[in-house]
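# Reading the structure
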Amino acid sequence: MAGKQTYAGGCHCGAVRFEAQADLGQTVACNCSICQAKGLILSAVAGDDFRLLSGQDALTDYRFNTHKIAHQFCSTCGVEPFARGAGRDGLPMLMVNVRCLDGVDLGTLSPKPFDGRKL
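Treat the numbers as computed from the prediction; the structure is a model and nothing was measured.

### Focus: the sheet that holds strand S2 (residues 17-22)
The sheet built from 3 strands is open, its strands ordered S1-S2-S5 with antiparallel pairing. Each edge of the open sheet carries a strand with a single partner, namely strand S1 (5-10) and strand S5 (50-54). If you compare each strand with its neighbour and ignore which way they point, the axes differ by 20 degrees on average. Pairing of S1 with S2 involves 6 bridges; the strand directions are antiparallel. Note that in S2 the partner of Tyr7 across the bridge is Ala20.

### Details of the state of the cysteines
Enumeration over the complete set of coordinates arrives at 0 disulfides. Cysteine Cys77 remains unbridged, with the sulfur of Cys74 as its closest cysteine sulfur at 3.8 Å. Unpaired in this structure, Cys100 has its nearest cysteine sulfur neighbour in Cys11, at a distance of 7.7 Å.

### Overview of the pattern of salt bridges
This model, assessed by the stated rule, comprises 6 salt bridges. A salt bridge links Lys4 to Asp49; its shortest N-O distance comes to 2.5 Å. Placement of Lys4 in the segment before S1 and of Asp49 in the loop between strand S4 (42-46) and S5 is noted, with a sequence separation of 45 residues between them. Take Lys4: its relative accessible area is 56%, and that puts it in the exposed class. Overall, Asp49 belongs to the buried group, its relative accessible area being 15%. Taking the shortest distance from any N to any O, the salt bridge between Asp115 and Lys118 comes out at 3.8 Å. Take Asp115: its relative accessible area is 34%, and that puts it in the partly exposed class. Note on Lys118: relative accessible area 70%, which makes it exposed.

### A short note on the pairing of S2
Going residue by residue along S2, you find Phe18, Ala20 and Ala22 tucked away on one face and Arg17, Glu19 and Gln21 left uncovered on the opposite face. Linkage of S1 to S2, two consecutive antiparallel strands, is achieved through a turn of 6 residues, within which Gly14 is found at a positive phi near 90 degrees. Of the pairings in the sheet, the one linking S2 to S5 comprises 4 bridges and is antiparallel in character. Within S5, the residue paired with Ala20 across the bridge is Phe50.

### Focus: unusual backbone geometry
With a phi angle near 55 degrees, Asn65 is a residue other than glycine that sits in the positive phi range. Structurally, Asn65 is set in the loop between strand S6 (59-62) and strand S7 (70-74). Residue Asn65 is classed as exposed on the basis of its relative accessible area of 54%. One non-glycine residue, His67, lies in positive phi territory at about 65 degrees. Its place among the elements puts His67 in the loop between S6 and S7.

Definitions and limits used
Residues numbered from 1 in each chain as written. Predicted model: local features only at pLDDT ≥ 70, side-chain atom pairs only at ≥ 80, totals over all residues. Heavy atoms only, no water. Pairing = 2+ DSSP bridges. Helix = DSSP H or I, 4+ residues; strand = E, 2+ residues; numbered from the N terminus. Axes fitted to C-alpha atoms, helices over the stretch in contact; angles between N-to-C directions. Disulfide = S-S within 2.5 Å. Salt bridge = Lys/Arg side-chain N within 4 Å of Asp/Glu carboxyl O. Buried < 20%, exposed > 50% of the residue type's maximum accessible area, 1.4 Å probe, protein only.

Function-wise, these values are silent; they only describe arrangement.
Written out as structure tokens, the structure reads:
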């Protein structure tokens, strides 16, 4: 599963739908307080590799700690399909919740630990 591929995904109720070009060979499991509590498996996606198809009006964001990351969740079902922020280069970046991608076998992934508690 190495290399970028286009995936479709969304929240549980279907109000939020998106497409993302992601490399699922490079997933992470962040240990920050929110990602750990939600059990998120994440894939970093450049802003240009993400397209929100529907549900902008259904999204609510939650920010904590440094307030640099907008954790986006569906106001109907509560699922967080992605978070928006900026990469180290300052360009827009998203962290896509791989559990929200259609047809992905999570058993084939090997997420690397990411120490988000120190950010």
